[in-house]
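# Residue-level structural notes
So the chains spell out like this:
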Amino acid sequence: MLDLSTLNPPQREAVMTTEGPVLVLAGAGSGKTRVIAHRVAYLLVKGVDPESVLAVTFTNKAAGEMRERVAALAGPPGVDVFVSTFHSFGLWLLQQEHKLAELPKRFAICDAGDQLALVKRCMREVSVDDRKFDAHRVLAAISKAKNAGKKRIAVREAGQGDDYDLVASEVFPRYEKALRAMRAVDFDDLIARPVALLGRDEALQAKYQERFRYLLVDEYQDTNLAQLELLKHVAGDRRNVCAVGDDDQAIYGWRGAEVKNILRFDRHFPGAKEIRLEQNYRSTGHILACANAVIAKNAARKPKALFTESGPGEPVRVVALAEEEDEARFVAEEIARQRAEGRPWSHFAVLFRLNALSRPFEEAFREGSMPYVMHGGPAFFDRSEVRDLLAYLKLCVQPEDDVSLSRIVNVPARGIGDTSLERVHDWAIAQRVHLFEALRRAPEVPELPRGAAEKIAGFVAVIERYQARFAERGNIAEVARGLVAEVDLYTHVRASVQSLEAGARKVDALDGLLRSLEGYAQRNARPNLATWLQRLALDSRDEEDPAQEGGITLMTLHAAKGLEFPVVFLVGAEEDYLPCAGIQGEARDLDEERRLAYVGITRARERLYLTRVATRTKRGKLLPRTPSRFLDDLPAGAHEKVDPEALAAPPQEVAAHTENVMAALRARLGASK
Ligand SMILES: Nc1ncnc2c1ncn2[C@@H]1O[C@H](COP(=O)(O)OP(=O)(O)OP(=O)(O)O)[C@@H](O)[C@H]1O
Ligand SMILES: [Mg+2]
């Protein structure tokens, strides 16, 4: 049975205060997530209906882990608890209310790649050049507006709004219209549309308030305004919300998260009981001392005192290497050595600020035949071959999906020229029909060459055939494989790159996606392609490659939030990486960078390495690097500088190497004589 004696007194208080708003604001590793899991289990043991409990986590991965923990603590009723991310919850709610939302039952979700393609299309419509204006930034402005519940983007007078606001204000309504026309939603809609539905309909609010009587939210510091609204609508006057979080770990400000949500919790949920947790159970004393010292420098924060009883442990190691290859080799050798001492691969994590830093580590691990899992970019779902195949599949379930159609109508090339496509496109707009419908009626399109019309007809026939096959109750994975074969996607992706190896990787990626579909089809009694695509769109936000499993973890600091590893290597501890220089013209937020460093340091349980290099090759140039300012904040007694000499090859190898060099020299000299 559930044993609450494994919790400390404030944790227990947070678990047992089941009615009314509760906020647990506490530092890293203090057991906040543990409180959530125990609180859910406690509710169930008390006899609360599992279906009335909603636990919200930050990623799908975290949701999966939470489900397992709850099931382990509470037994079978645990599986009926609604554990999800805000986005999956919003998706579920929209599916329930799809008629009210004027959406088809299984509507499509535009993922980040689709959104970008759509923004670019809308930019072209208003004659804005996407080479002059970065579509990412336009999309970010649109996303921000949607999260704030705005229907339009105001361009302030007297030059206050910048050019991007101007572009975004023009693009926004078109973008929204195009989404509506495709009967699709984007990620922001998954929150914004449920908020809008609930906001205008009290009966609907009452329905969900009746269903969900206990709400729990992990990582509350990274919620945005729309998510807060959604939470308020579902909580209603009962306000049974238990939020846990740490303002020091707010790292999604750049994506519109509002740390104010946690700092002003009491204002949104009056009468909240605030509980502080101060004991850290995750890290050793030295690691914690470093974390505390780094975060202490941020001015605007709620002061927190974190302590540990687990003893000082080993000092944090700060290692300076010559170049990035040395850094990667150092990490690989350390891991290999500790692995030989009996640690499993899964104990190790390599964390970095930017995905761009991962390459040398991947290479070193590959060379050493060390298993690793790369989370994130170049994201699986950003790969062009993956997007091509997904576009085919999406089109097969939703013919209105103009974005997917535009992507693959000529991939692989089937001789439908741009001019012909433009004619069809113009005609579609004039006739107010979807692009696919226009293609079907190509013979009606004026001035369309006969050849083009025939090729279009061939394409339409293939898609329609597969639309029908997917609609039948059959083996969807097999149908998908048939489609790939029929359009000859393998040949196409192989031919699209120069090297055989790159071609093979593309084929692997397609296979990975098909296998993932197969796995889904096997696990579900009534598999459905549209449902799988929806889930995939949500999963793609976690930046997970579905085909990977087990090994050393390689991930960004952002992705590492909430996780813990016995041994952590925080690499690239240099200025312009950590703190990061502003990306894509955005000003950097030094406080947020410091919080990222704090998140990174606090992932380590037993051993922590902070590594940096003296020079890095950037665009073919060797550039000197400055140590991260955060390294200056580490307390003297808690860390040690590891001598890079320790990295030098062992004496016998050096001797052998020298011998080889001498032999080569002698041979050269001999040859030139
Ligand atoms: N009372 C406790 N007794 C023993 N171990 C605990 C206790 N509370 C938490 N832990 C352990 O400490 C570690 C950190 O807990 P948890 O992940 O819940 O912290 P957190 O506050 O959510 O951290 P983060 O801020 O990084 O999300 C976990 O391994 C957890 O099992
Ligand atoms: Mg946590």
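Keep in mind it's a predicted model, so treat the numbers as computed, not measured. (Residues numbered from 1 in each chain as written. Chains lettered and ligands numbered in written order. Predicted model: local features only at pLDDT ≥ 70, side-chain atom pairs only at ≥ 80, totals over all residues. Heavy atoms only, no water.)

Our next topic: the UniProt feature "binding site: ATP" (unreviewed entry) in the chain. Cross-referencing UniProt, the feature "binding site: ATP" (unreviewed entry) maps to Ala26, Gly27, Ala28, Gly29, Ser30, Gly31, Lys32 and Thr33 in the present numbering. Residue position: Ala28 is located in the loop between strand 1 (22–25) and helix 2 (32–45). Owing to a relative accessible area of 1%, Ala28 belongs among the buried residues under this scheme. When near neighbours in sequence (up to four residues on either side) are disregarded, Ala28 contacts Asp246, Gln249, Asn280, Arg282, Leu306, Tyr598, Thr602 and Arg603. (UniProt positions renumbered as here; feature names shortened; annotations may be inferred. Helix = DSSP H or I, 4+ residues; strand = E, 2+ residues; numbered from the N terminus. Buried < 20%, exposed > 50% of the residue type's maximum accessible area, 1.4 Å probe, protein only. Contact = heavy atoms within 4.5 Å.)

What follows deals with the site of ligand 1. Neighbouring residues of ligand 1: 19 residues in total, closest Lys32, Thr33, Gln249, Glu564 and Arg603. Measuring from an oxygen atom of ligand 1, one finds a backbone N or O atom of Gly29 at 2.9 Å. When isolated, ligand 1 has an accessible area of 630 Å², and the protein chains bury 85% of it. When residues of the shell around ligand 1 are assigned to their parent elements, the largest contribution, three residues, is made by helix 2. Split by residue class, the shell around ligand 1 holds three nonpolar, ten polar and six charged. (Near = heavy atom within 4 Å. Polar contact = N/O pair within 3.5 Å; in protein donor to acceptor, adjacent residues only side chain to side chain. Areas by Shrake-Rupley, 256 points an atom, 1.4 Å probe, with all protein chains shown as cover. Nonpolar A, V, L, I, M, F, W, Y, C, P; charged D, E, K, R; others polar.)

As a further point, take unusual backbone geometry. Residue Pro412 is reached from Val411 by a cis peptide bond, and omega for that bond is -10°. With respect to the secondary-structure elements, Pro412 resides in the loop between helix 17 (402–408) and helix 18 (418–431). At the junction of Leu578 and Pro579, the peptide bond is cis and its omega measures out at 0° in the coordinates. Looking at where Pro579 falls in the secondary structure, it is placed in the loop between strand 13 (565–570) and helix 26 (590–601). Located in the positive-phi region is Glu219, a residue other than glycine, with phi close to 55°. In this fold, Glu219 is placed in the loop between strand 6 (214–217) and helix 10 (225–235). The class of Glu219 is buried, set by a relative accessible area of 11%. The backbone of Asp576 sits at a positive phi, close to 80°, despite the residue not being glycine.

With that out of the way, let us pick up the nonpolar core. One finds Leu393, Phe459, Phe470, Leu483, Leu513 and Trp532 to be the most contacted residues of the largest nonpolar core, which totals 55 residues. Considering every element that reaches this core, the biggest residue donor is helix 20 (residues 450–471), with nine residues. Sequence-distant contacts of Leu483, defined by excluding residues within four places in its chain, comprise Tyr392, Leu393, Cys396, Val462, Tyr466 and Phe470. With 41 residues, the next largest nonpolar core counts Leu23, Leu54, Val56 and Ile109 among its residues. (Core = buried A, V, L, I, M, F, W, Y, C linked by side-chain atoms within 4.5 Å.)

Let us look at helix 8 (residues 187–199). Helix length check: helix 8 (13 residues) gives 19 Å between terminal C-alpha atoms against 18 Å at 1.5 Å per residue, within 8%. Counted residue by residue, helix 8 has ten buried out of 13 residues, so it is predominantly covered. N-cap assignment for helix 8: the residue whose side-chain oxygen lies 3.2 Å from the backbone N of Asp188 is Asp186. (Expected span 1.5 Å × (residues − 1).)

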